[in-house]
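# Residue-level structural notes
Listed below are the residues making up each chain.
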Amino acid sequence: MRISLRSNGFNVCQRILESIMLFNSYIFIIFFLPITWLMFFLAARYRKVDVSAGILVVASLIFYSYWNPKFVLLILFSIAFNYAAGRCLEKAGGSRAKVYLILGIAVDLGLIGYFKYANFFLENISHLADRPFQPRDIFLPLGISFFTFQQIAYLLDCYKGLTKENRLVHYALFVSFFPQLIAGPIVHHGDIIPQFKKEHTYRINYQNIALGLCFFSLGLFKKTVIADSFSSWVAEGFDSDAQLTLLESWGASLSYAFQIYFDFSGYSDMAIGLGYFFNIELPLNFNSPYKATSIIDFWRRWHITLSAFLRDYLYIPLGGNRKGPVRRFVNLLVVMLLGGLWHGASWTFVFWGFLHGFFMCVNHLFRKIFQRINYTLPSAAAWCLTFVSVTFAWVFFRAESFNRALDICKGMLGFNGVVLRSDHLPDSVAAVLHKLNIQTVWVGKWHLDPPEQRNMLIIAFIICLFLPNVREWSDQTMKTRPRLFAAVVVGCALFTAFIFTGRVAEFLYYQF
Amino acid sequence: MKTYKRWTIITLLIFLGLMVLLVLTDLGLTVSLPLDEAVFNKEFEEKVRTFLLSEDGKAVDVILCGDSRAERQLIPDVVKDRTGLNAVNIATKGLDLVTLANGFKKYSILQNTDAFIVISTSIFQINDGAVGDGYTTPACIFNLKWTSQIKLFKKYLPYLIDKKMEYYWDYFKSHAESAKSRKKEFLEKGYLAITETIELSDGQLKGDINKITHPWYKDFTFPGRKWEIFQRALRDIASSGNPIIIFNPPGCPAWLELTQNTFMDAAERQFSAFLKQEAQKYDNVFFLDFYSENRKSFTNGMFYNLQHLNRKGADVFSRMISQDISELLKTRKNDVKAQEVFSAPRN
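Reference entry: report on the structure contained in this document. (Residues numbered from 1 in each chain as written. Chains lettered and ligands numbered in written order. Predicted model: local features only at pLDDT ≥ 70, side-chain atom pairs only at ≥ 80, totals over all residues. Heavy atoms only, no water.)

## Things to note about the overall build of chain B
- When helices and strands are counted, chain B shows 13 helices and 6 strands.
- Per-residue burial for chain B yields a buried fraction of 56% across its 347 residues.
- For chain B, the share of sequence-separated contacts (at least 6 apart) that also reach a separation of at least 24 residues comes to 83%.
- When the accessible surface of chain B is split by element, carbon and sulfur atoms take 54% of a total near 15,600 Å². (Helix = DSSP H or I, 4+ residues; strand = E, 2+ residues; numbered from the N terminus. Buried < 20%, exposed > 50% of the residue type's maximum accessible area, 1.4 Å probe, protein only. Contact = heavy atoms within 4.5 Å. Areas by Shrake-Rupley, 256 points an atom, 1.4 Å probe, with all protein chains shown as cover.)

This is the structure we're talking about:
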């Protein structure tokens, strides 16, 4: 007798993760991508360009529905509604256009508000009213923050008359194009839709395929080999209740700083690479952010497409820096607070946004003071200050609660004591440390695993600070004439990433 | 364009070449090394060295072994108090029967003792769907045929490759280190005491049963390849002639109530039925089903989580096991058929 028992809905969380067609999953790499690519170019070969675009829309919806078919209806509704609203905005003028715009944005914000923020607001209201709160069973649709923002920008540009008449298939592709659908980059219709209209997009271009392979492989390597290596140390540090000492807290927070960078930038590189496979150039989302020497510089390098969106559609409409320094600081704070809230419905995200807003205000203030006294902060000190500030802010971004975040920050500042590994220290040094009241312990008592973690942190530092990013590297090695050395690096990176693929399978930014 | 085409082909060929090399290396290592007999569990080996290979090891009458449900549920001192027999606990978290059999073979344990062997089992050991870290041991993987490995890990092939590379590395490393004798301090003769009590109010047992995550029952498929290996390992251990008690441990009443009439309950009962059948094949193997029987002996307060007893529960459970060992001793003395004793209702 043979039984194979399965239960509907069992192990739901596990299955959700399994059911997302990740870029680093077999089904995506071996089946979905090659089949979609072949169908796209086969249809184009027989001069059916619209069919090609249609195939890409259908493939993108299949990619999305693989996670949860129900939500395809939501994205279809969102596409149809915003397209219709955009067309109305293009045709209408004056106050009528304003009504369409308000209606369009209200529906978009209503959707994201319901799916992403309803529980958060209800919880806070209940808390204020001192009533018990029972969270509603609302499922957050994947990538809703990304496709909503893209469409709000589209509506605003329709209102300003900045859009040209677009066909539904191109608009649908702009919203649903699978490389950027779930976790960005946040694309601007003005950059993407024209590419769908061009004839040569539908012809095989080996230069783009080579670039795509380079971006995809190195992105996959960043995600599976580097980012995922940090995940267990991050979880150990952030998810436990243990009071972390100085080195442990820094170990956990630095691990997260590198995990989120390699995870998200790896994902973005993969998205750009996938775009290249289909002759679509997606915008750069990261430009070596940890090389930044100021917070302002950091935000020019980190999640560039989100920064651009917030700048163009929030900061500038709020008045930007045109209404005096005080108003500029208020605008910066408001933008960054909302940026934090965009990342997640939790006060820790809001606080993370506030911290960055605050850092930016301080940055602007000191920049002005330094200009007046004609002083420049040494770049090493500026880098150090920026990196430490960003790392402290990441603690609030990652921690489950304020208390945990504060606990880790306390540890980072040395309030939870300093403990060193005695197995790494000569007895004489350990004795001196003991006199200084610095505790030394044997490895077994550590919450984290410093040797491996330390090595990975050093490697990550070297990559972030001294190596070119994928864009710079591909420009150096691929642009004029692709080098054999690059083929060896990319081939080996793909191979290693492929092996490491099965370890942890979720991109951090999927949840935003 | 031709240069880029050539570059793309070279890159893909490098990738494919490395993949082929990996597969050939894997096949080569599997064929040339005795990996199916390796143990791959340092802590277990440390316990074996500490308790069974030392001078004191000769005086051991009862070897408590298996996975965490023996490690944290069987107290050697209680067994000693109740039976007068010297007991040690060499059970280790996540240890399955095939690793245990390999360990016994590697250190020739069973050739040199006629001690009672008490083994805990858990459903992850035989569920082909439970392939996550800690639920399919390296020893189990290397005992699977290549095709079976692919079948079991079809959804997680890169994970399998990644893990196997890690195991090869561990294998070579452990051989390089084998000269160093590792003896470790284990408290309470290997028993790992947990004193906390399960929190039933924290929501893990509330709500929809289908939303409760438990990796042991993931994609439950039984009997399958892991069960075949389990049977083979039991045959190996049983061939020593030592009296063996194998048991399916008790579950937390709250969990049992919640999973009643679900596939998890059916799976556990099925597992017990198969274990019982398997034990009956051997004169020296006895199966005790604490999952289905003696449910009233354990309360929620005796557990620290859904599957593991705390110290209080372990004390009760160890007494029950001790009673079974005593019964078994009697059958040996009085030449009564042990299977009859165990099939009779117990107190």
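## Brief notes about the overall build of chain A
- Across its full length, chain A holds 21 helices and 3 strands.
- Expressed as a percentage of the 512 residues in chain A, the buried residues total 54%.
- Considering only contacts within chain A whose residues lie at least 6 apart along the sequence, 76% involve residues at least 24 apart.
- Counting only carbon and sulfur atoms, one obtains 63% of the accessible surface of chain A, whose full area is about 23,200 Å².

## Quick look at unusual backbone geometry
All names here are of chain B.
- Note that the residue after Phe 222, namely Pro 223, is joined by a cis bond; omega there is -5°.
- Along the chain, Pro 223 turns up in the loop between strand E4 (221-222) and helix H9 (225-238).
- Of note, the phi angle at Ser 108 is positive, near 45°, even though the residue is not glycine.
- Locating Ser 108 in the fold gives a position in the loop between helix H5 (97-106) and strand E3 (116-120).
- The class of Ser 108 is partly exposed, set by a relative accessible area of 28%.
- Of note, Asp 219 is a non-glycine position whose phi angle comes to about 45°, a positive value.

## A closer look at the packing of aromatic side chains
- Evaluated as defined, the whole model comprises 92 aromatic pairs over all chains.
- With 5.5 Å between their ring centres and 85° between their planes, Phe 498 of chain A and Phe 15 of chain B make a pair best called edge-to-face. On the criterion of chain membership, the pair formed by Phe 498 of chain A in helix H21 (residues 484-500) and Phe 15 of chain B in helix H1 (residues 2-32) is interchain, its members lying in two chains.
- Of the residues examined, Phe 15 of chain B reaches a relative accessible area of 12% and is grouped as buried.
- A cation sits over an aromatic face here: Lys 116 of chain A above Trp 342 of chain A, 5.5 Å from the ring centre. (Phe/Tyr/Trp six-rings, centres within 6.5 Å; stacked < 30°, edge-to-face > 60°. Lys NZ or Arg CZ within 6 Å of the ring centre and 35° of its normal.)

## Topic: a positive patch on the surface
- Taken together, the side chains of Arg 481 of chain A together with Lys 2, Lys 5 and Arg 6 of chain B present a region of like positive charge at the surface.
- Secondary-structure assignment places Arg 6 of chain B in helix H1. (Patch = residues over 30% accessible without salt bridge, like charges linked within 9 Å, V, L, I, M, F, W, Y side chains within 5 Å. Salt bridge = Lys/Arg side-chain N within 4 Å of Asp/Glu carboxyl O. Lys, Arg positive; Asp, Glu negative; His and termini not counted. Charge placed at Lys NZ, Arg CZ, Asp CG, Glu CD.)

## Some points on the pattern of salt bridges
Residue and element names in this part refer to chain B.
- Under the defined criterion, the tally for this structure stands at 20 salt bridges over all chains.
- Residue Glu 45 pairs with Lys 106 through a salt bridge whose shortest N-O separation is 2.8 Å. Taken as a pair, Glu 45 in helix H2 (residues 42-52) and Lys 106 in helix H5 lie far apart in primary sequence, 61 residues in all.
- Residue Glu 45 is classed as buried on the basis of its relative accessible area of 7%.
- The partner of Arg 311 in a salt bridge is Glu 188, with the nearest N and O atoms 2.3 Å apart. Here Arg 311 is found in helix H12 (residues 311-334), whereas its partner Glu 188 is found in the loop between helix H8 (157-177) and E4, with 123 residues between them in sequence.
- Judged by its relative accessible area of 30%, Arg 311 falls in the partly exposed class.

## Quick look at the pairing of strand E5 (residues 244-248) of chain B
All names here are of chain B.
- Here E5 lies mainly inside the structure; 5 of its 5 residues are buried.
- With burial as the criterion, each face of E5 is covered, one bearing Ile 244, Ile 246 and Asn 248 and the other bearing Ile 245 and Phe 247.
- Both E3 and E5 contribute to a ladder of 4 bridges, which runs parallel. Residue Ile 119 lies in a different strand from E5, and its bridge partner there is Ile 246.
- Here E5 pairs with strand E6 (residues 285-289) via 5 bridges, running parallel. In the sheet register, Ile 246 faces E6, and the bridge partner there is Phe 287. (Pairing = 2+ DSSP bridges.)

## Points about the sheet that holds E6 of chain B
All names here are of chain B.
- Read from one edge to the other, the open sheet built from 5 strands follows the order E2-E1-E3-E5-E6, with strand pairing classed as parallel. Among the strands making up the open sheet, the edge pair consists of strand E2 (87-89) and E6. Direction aside, neighbouring strands of the sheet carry axes that sit 20° apart on average.
- Pairing of strand E1 (residues 62-65) with E2, which is carried by 3 bridges, proceeds in the parallel orientation. Bridging across to E2, Ile 63 finds its partner in Val 88.
- Contacts between H9 and the sheet are confined to E3, E5 and E6, with E5 contributing the most and set at about 150° to the helix.
- Contacts between helix H11 (residues 263-279) and the sheet are confined to E5 and E6, with E6 contributing the most and set at about 160° to the helix. (Axes fitted to C-alpha atoms, helices over the stretch in contact; angles between N-to-C directions.)

## Topic: the packing of helix H14 (residues 325-343) of chain A against helix H15 (residues 347-373) of chain A
Residue and element names in this part refer to chain A.
- In contact at an axis separation of 7 Å, H14 and H15 are set at 150° when each is read in the N-to-C sense. The angle between H14 and H15 falls in the class roughly antiparallel. Of the two elements, H14 crosses H15, and the hand of that crossing is right-handed. Each of Arg 328, Phe 329, Leu 332, Leu 333, Met 336, Leu 337, Gly 340, Leu 341 and His 343 in H14 lies in contact with H15, whose residues at this interface are Phe 349, Val 350, Trp 352, Gly 353, Phe 354, His 356, Gly 357, Phe 358, Met 360, Cys 361, His 364 and Leu 365.
- Across the contact of H14 with H15, the residue classes tally to 14 nonpolar, 6 polar and 1 charged. (Parallel < 35°, antiparallel > 145°, perpendicular 65-115°, else oblique. Left-handed = near helix turned anticlockwise from the far one by under 90°. Nonpolar A, V, L, I, M, F, W, Y, C, P; charged D, E, K, R; others polar.)

## Description of H21 of chain A
- Here H21 of chain A is 17 residues long and its end C-alpha atoms lie 24 Å apart, about the 24 Å a rise of 1.5 Å per residue gives.
- Within the sequence span of H21 of chain A, burial applies to Ala 486, Ala 487, Val 490, Gly 491, Ala 493, Leu 494, Phe 495, Ala 497, Phe 498, Ile 499 and Phe 500 of chain A. (Expected span 1.5 Å × (residues − 1).)

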